[in-house]
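The lines below spell out each chain.
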Amino acid sequence: MPEPAGDLAARQAELVAALVADGPLPAGFEPAPLAAARVALLRKRAGDVARHWPLLAAGLGADWTATFAGWAAGRPTGGSLRDGWDLARVLHDRGTLPPLGAEELAVREAGARYDGQGPPRARRLPAVGRAGGAVAVQVAGRVRLLRPARRHA
């Protein structure tokens, strides 16, 4: 006997929550394959974010995937652009944002407003973005990096 559509939708929602938001293991699923799928999805998500935030990913180098996965585990995605922005801000607050990521964040902050909730919106008025010593300025829709981030020896 087929399941009613509401039951199927509820089970699908449980599975998605288990895969991307650290939800409980749904009935009928083995933990090991579900954990492997969760890791694979985090790795794929890290790749998507790296395409939107290439300097942040390059700045973290070999630590990119592990850093992203550690931050993203248990967080549903807000989209690749927003996930990278949120991660960059967290790393900045911790003092662990690499210089390349600081420059990329400063440029993004100068070019758009992002409150961490809704989608980023292009700035219409002149603006300055700062992160990790990097300074970017946006005037008339053009963003320029004025000062690169400090490089640690």
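Basis of the calculations
- Residues numbered from 1 in each chain as written.
- Predicted model: local features only at pLDDT ≥ 70, side-chain atom pairs only at ≥ 80, totals over all residues.
- Heavy atoms only, no water.
- 1 Å grid on protein atoms, 1.4 Å probe; cavity = no way out; pocket = protein on both sides within 12 Å on 5 of 7 lines; lining within 4 Å.
- Points joined across faces, edges and corners; volume = space filled by probe spheres on them.
- Helix = DSSP H or I, 4+ residues; strand = E, 2+ residues; numbered from the N terminus.
- Nonpolar A, V, L, I, M, F, W, Y, C, P; charged D, E, K, R; others polar.
- Salt bridge = Lys/Arg side-chain N within 4 Å of Asp/Glu carboxyl O.
- Buried < 20%, exposed > 50% of the residue type's maximum accessible area, 1.4 Å probe, protein only.
- Phe/Tyr/Trp six-rings, centres within 6.5 Å; stacked < 30°, edge-to-face > 60°.
- Pairing = 2+ DSSP bridges.
- Expected span 1.5 Å × (residues − 1).
- Axes fitted to C-alpha atoms, helices over the stretch in contact; angles between N-to-C directions.
- Parallel < 35°, antiparallel > 145°, perpendicular 65-115°, else oblique.
- Contact = heavy atoms within 4.5 Å.
- Core = buried A, V, L, I, M, F, W, Y, C linked by side-chain atoms within 4.5 Å.

1. Here's the deal with empty space enclosed by the protein
If you roll a probe as big as a water molecule over the atoms, it shows you where there is empty space left.
Point 1. Taken as a whole, this structure holds one cavity of 30 Å³ or more when the rule is applied.
Point 2. Residue lining of the largest cavity: Leu-19, Val-20, Ala-21, Asp-22, Arg-38, Leu-42, Arg-45, Ala-72, Ala-73 and Gly-74, and that is the complete set.
Point 3. For the lining of the largest cavity, the secondary structure elements donating two or more residues are α1 (5-20) and α2 (31-52).
Point 4. If one sorts the elements of the lining of the largest cavity by residue count, α2 sits on top with three residues.
Point 5. Its residues assigned to classes, the lining of the largest cavity shows six nonpolar, one polar and three charged.

2. A closer look at the pattern of salt bridges
Point 1. Applying the stated rule across the entire model yields five salt bridges.
Point 2. A salt bridge links Lys-44 to Asp-48, with the nearest nitrogen and oxygen atoms 3.6 Å apart. With a gap of four residues between them, Lys-44 and Asp-48 both fall in helix α2, about one helical turn apart.
Point 3. Under the relative-accessibility criterion, Asp-48 is labelled partly exposed at 22%.

3. Structural notes on the packing of aromatic side chains
Each aromatic ring pair is described using two quantities: the centre-to-centre distance and the angle formed by the ring planes.
Point 1. Under the definition given, this model contains four aromatic pairs.
Point 2. With centroids separated by 6.0 Å and ring planes inclined at 65°, the aromatic side chains of Trp-53 and Trp-85 adopt a geometry described as edge-to-face. Taken together, the positions of Trp-53 in the loop between α2 and α3 (54-60) and Trp-85 in helix α5 (residues 80-94) put the pair 32 residues apart, joining distant regions of the chain.
Point 3. Seen from their ring centres, Trp-85 and Tyr-114 are 5.0 Å apart, and the 45° between their planes marks the pair as tilted. One end of the pair, Trp-85, is in helix α5; the other, Tyr-114, is in the loop between β1 (112-113) and β2 (121-122), with 29 residues separating them in the sequence.

4. Observations concerning the pairing of strand β5 (residues 142-147)
Point 1. Bridge count for strand β4 (residues 134-139) against β5 is five bridges, and the pairing is antiparallel. Bridging from a neighbouring strand, Val-135 pairs with Arg-147 of β5.
Point 2. In this antiparallel pair of consecutive strands, β4 and β5, the connection spans two residues, and Ala-140 shows a positive phi of 55°.

5. Remarks on helix α6 (residues 99-111)
Point 1. Between its first and last C-alpha, α6 extends 18 Å over 13 residues, near the 18 Å set by a 1.5 Å rise per residue.
Point 2. Among all positions in α6, only Pro-99, Gly-101, Ala-102, Glu-103, Glu-104, Leu-105, Ala-106, Glu-109 and Ala-110 are buried.

6. Some details on the packing of α2 against α5
Point 1. Direction vectors running N to C along α2 and α5 enclose 85°, while the axes themselves pass 8 Å from each other. Classified by the interaxial angle, the pair formed by α2 and α5 is roughly perpendicular. Here α2 contributes Arg-45, Asp-48, Val-49 and His-52 to the contact with α5, which in turn contributes Ser-80, Leu-81, Asp-83 and Gly-84.
Point 2. Here the contact of α2 with α5 is built from residues that sort into two nonpolar, three polar and three charged.

7. Examining the sheet that holds strand β3 (residues 127-131)
Point 1. Pairing is antiparallel across the open sheet formed by three strands, whose spatial order is β3-β4-β5. Pairing within the sheet leaves two strands with one partner each, and these edge strands are β3 and β5. Within this sheet the neighbouring strands show an average axis-to-axis angle of 25°, counted without direction.

8. Here we look at the nonpolar core
Point 1. Counting residues in each nonpolar core, the largest one holds 28 residues, and the members touching the most others are Trp-53, Leu-56, Trp-64, Phe-68, Leu-87, Leu-97 and Leu-105.
Point 2. Secondary structure elements with two or more residues in this core: α2, α3, α4 (64-72), α5, α6 and β4.
Point 3. The leading source of residues in this core is α4, at five residues.
Point 4. If we ignore the near neighbours within four places in the chain, the residues touching Trp-64 are Ala-46, Val-49, Ala-50, Leu-56, Ala-57 and Leu-87.

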